[in-house]
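Coordinates in review
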Amino acid sequence: MKHLDPTLQPVFEEILARNPGEAEFHQATRELLDSLGPVVARHPEYTDAAIIRRVCEPERQIIFRVPWVDDAGQVQLNRGFRVEFNSALGPYKGGLRFHPSVYLGIIKFLGFEQIFKNALTGMPIGGGKGGSDFDPKGRSDAEVMRFCQSFMTELYRHIGEYTDVPAGDIGVGGREIGYLFGQYKRITNRYESGVLTGKGIGWGGSLVRTEATGYGTVFFAGEILKARGSSFDGKTVVVSGSGNVATYAAEKAAALGATVIACSDSSGYVVDEKGLDLDLLKEVKQVRRERLSSYAEARESARFVATTTGGAVWDVPCDIALPCATQNELDGDHALALVRNGCTVVAEGANMPCTPEAVKVFAEAGVAFAPGKAANAGGVATSALEMQQNASRDSWSFAHTEARLEEIMVGIHARCLETADTYGAPGNYVAGANIAGFIQVADAMLALGVI
Ligand code: GLU
């Protein structure tokens, strides 16, 4: 790991000391600080006002008990989190993750990333994240409902359309947002549409929100290709994951002429040289909620490789890789395999899926690498479009909303490149995204005083 700027080293040491045991949060903060050397050199006012120290400390962290009763009548216990990280640009905004791996360090890393991602969208939204160690896998709808109701019975007092606006993330989709919104409405006696995003289309949701993160990642990758005189047409693409982000990234890449030949879940991956059948994938993963092996069983051109073989979806040769599963899923060895097989573009649909070693491999090999805070910002950007529609009691067409999303992604891409140029790192999307997002938040924090 390269050395930090001397003014930033003590800041990082303070983060390590104040947040013990939170490896993912350390990784996310370190990754930002790695880009900020040229910024502190040009802007001593940020150091004078302790902006970097302040931006790394959440404004508020809420941790609460979530008891609920399962279908067998047993009392179950989970822990709920909401980290309201930064509200310099607008109400806290960011998803809720329900997954057994969730603990404070994961929510803080996600909340931290969200601050700069949200700034890059150009929309008036601050950064936050929440969730629980609840595992929805294998739970009935009734159990998920009771869990969501218990979760919201505490969360409701901390959120609101001008305060904090949660949405989905891993383990939280339309079903969960419905139960959460229902309980919020019941407790507050308010039909406050703008308190949550990712709502159903019939009750305040926005068209394109479901597709937005995956589509946005592909729009971003398309801009990278365009800047290199290329396009998705005729390319092979591998996505990881098979949830919402992966499915719609695959859908848009295929619509732009690529062949999406592989995707994965925690049980393994499928390779389908004919191109993934996305209707079948949606049926298996979203409707039946089954493992990917069911996809391979139903389709002759596909083969399933189990995780237990030790292989990874990144072993499949491709031109473009879109990691859309979860943090740290693509390590240095995976990156070497991709480079060896001729991959030239990597865009993160998930949050921090590539380890620092992987990012280094891509940089050294000249692979274009787009970090999640830029490449996957389309999801939260479309949440902000949902908030706009809610505020004006309007609902936009699919075509209009998708055009807005594309315009936002094209804008983020341009802003990353311009900022990278200005700060002496031409073509470096990591530096461009970190610096552009940070400066926007830092300037707002300076203007708002020491709060
Ligand atoms: N969870 C998504 C993200 O990582 C979306 C958050 C939102 O829409 O508020 O950006």
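Relevant structure appears above.
Everything quoted here is computed from the prediction, not taken from an experiment. (Residues numbered from 1 in each chain as written. Predicted model: local features only at pLDDT ≥ 70, side-chain atom pairs only at ≥ 80, totals over all residues. Heavy atoms only, no water.)

Observations concerning the sheet that holds strand 10 (residues 320-323)
Operational definition: Two strands qualify as a pair provided DSSP detects at least 2 bridges between them. Think of it this way: any DSSP run of H or I at least four residues long counts as a helix, any run of E at least two long counts as a strand, and we number them from the N terminus. With axes taken as lines fitted to C-alpha atoms, and helix axes fitted only over the stretch in contact, angles between N-to-C directions fall between 0 and 180 degrees.
Pairing in this open sheet of seven strands is mixed, and the strands run 9-8-7-6-10-11-12 from one edge to the other. Of all strands in the sheet, those with a lone pairing partner are strand 9 (302-306) and strand 12 (368-370), marking the two edges. The mean inter-strand angle of the sheet, taken between neighbouring strand axes irrespective of direction, is 15 degrees. Taken together, the four bridges between strand 7 (residues 259-265) and strand 8 (residues 268-272) define a ladder with antiparallel strand orientation. Within strand 8, the position partnered with alanine 262 by the bridge is valine 271.

Details of the environment of asparagine 434
Note the threshold: With a 1.4 Å probe rolled over the protein chains alone, any residue whose accessible area is under 20% of its type maximum counts as buried; one over 50% counts as exposed, and the rest are partly exposed. Contact criterion: two residues are considered in contact whenever any of their non-hydrogen atoms come within 4.5 Å of each other. Within 3.5 Å is the distance limit for a polar contact, defined as a pair of N or O atoms, with the added protein rule that one can donate a hydrogen and the other accept it, and that residues adjacent in sequence qualify only through two side-chain atoms.
By the secondary structure assignment, asparagine 434 is in helix 18 (residues 429-448). By relative accessible area, which is 1% here, asparagine 434 ends up buried. In sequence terms asparagine 434 and arginine 404 are 30 residues apart; their C-alpha atoms lie 23 Å from each other. Ignoring sequence-local partners within four residues, the contact set of asparagine 434 consists of Glu31, Leu32, Ser35 and Lys373. At 2.8 Å, the side chain of asparagine 434 forms a polar contact with the side chain of serine 35.

Re helix 6 (residues 104-121)
Our working rule: Multiplying one less than the number of residues by 1.5 Å gives the expected span of a helix.
The terminal C-alpha atoms of helix 6 lie 26 Å apart, and with 18 residues this matches the ideal 26 Å at 1.5 Å per residue to within 8%. The element helix 6 is extensively covered by neighbouring structure, given that 18 of its 18 residues are classed as buried. At the C-terminal side of helix 6, glycine 122 shows a positive phi close to 80 degrees.

Things to note about the pattern of salt bridges
Going by this rule: Each salt bridge in this description consists of a side-chain nitrogen of Lys or Arg and a carboxyl oxygen of Asp or Glu lying within 4 Å of one another.
The tally for this structure, following the rule as stated, stands at 27 salt bridges. Where glutamate 22 meets lysine 108, a salt bridge forms, and the shortest distance between an N and an O atom there is 2.7 Å. One end of the pair, glutamate 22, is in the loop between helix 1 (9-18) and helix 2 (23-33); the other, lysine 108, is in helix 6, with 86 residues separating them in the sequence. Exposure class is identical for glutamate 22 and lysine 108. Each is buried. In this structure, aspartate 71 engages arginine 146 in a salt bridge whose closest nitrogen and oxygen atoms are separated by 2.7 Å. Within this pair, whereas aspartate 71 is found in the loop between strand 1 (60-69) and strand 2 (75-86), its partner arginine 146 is found in helix 7 (residues 141-155), the two being separated by 75 residues in sequence. Taking the relative accessible area as the measure of exposure, aspartate 71 reaches 47% and is therefore partly exposed. Three or more residues are tied together by salt bridges with common partners; here these are Glu31, Glu113 and Lys373.

Quick word on the nonpolar core
To keep it simple, the criterion reads: Among buried residues, the Ala, Val, Leu, Ile, Met, Phe, Trp, Tyr and Cys ones that are joined through side-chain atoms within 4.5 Å form a nonpolar core.
Membership of the largest hydrophobic core comes to 59 residues, with the highest contact counts inside it found for Phe220, Phe232, Val237, Tyr295, Leu322 and Ile412. Of all the elements, helix 9 (residues 209-227) adds the most residues to this core, at eight residues. Those residues in contact with phenylalanine 220 that sit more than four places away from it in its chain are Ala370, Ala374, Ala375, Met409, Ile412, His413 and Tyr429. Among the nonpolar cores identified, the runner-up in size contains 43 residues, and Phe25, Val39, Cys56 and Ala88 belong to it.

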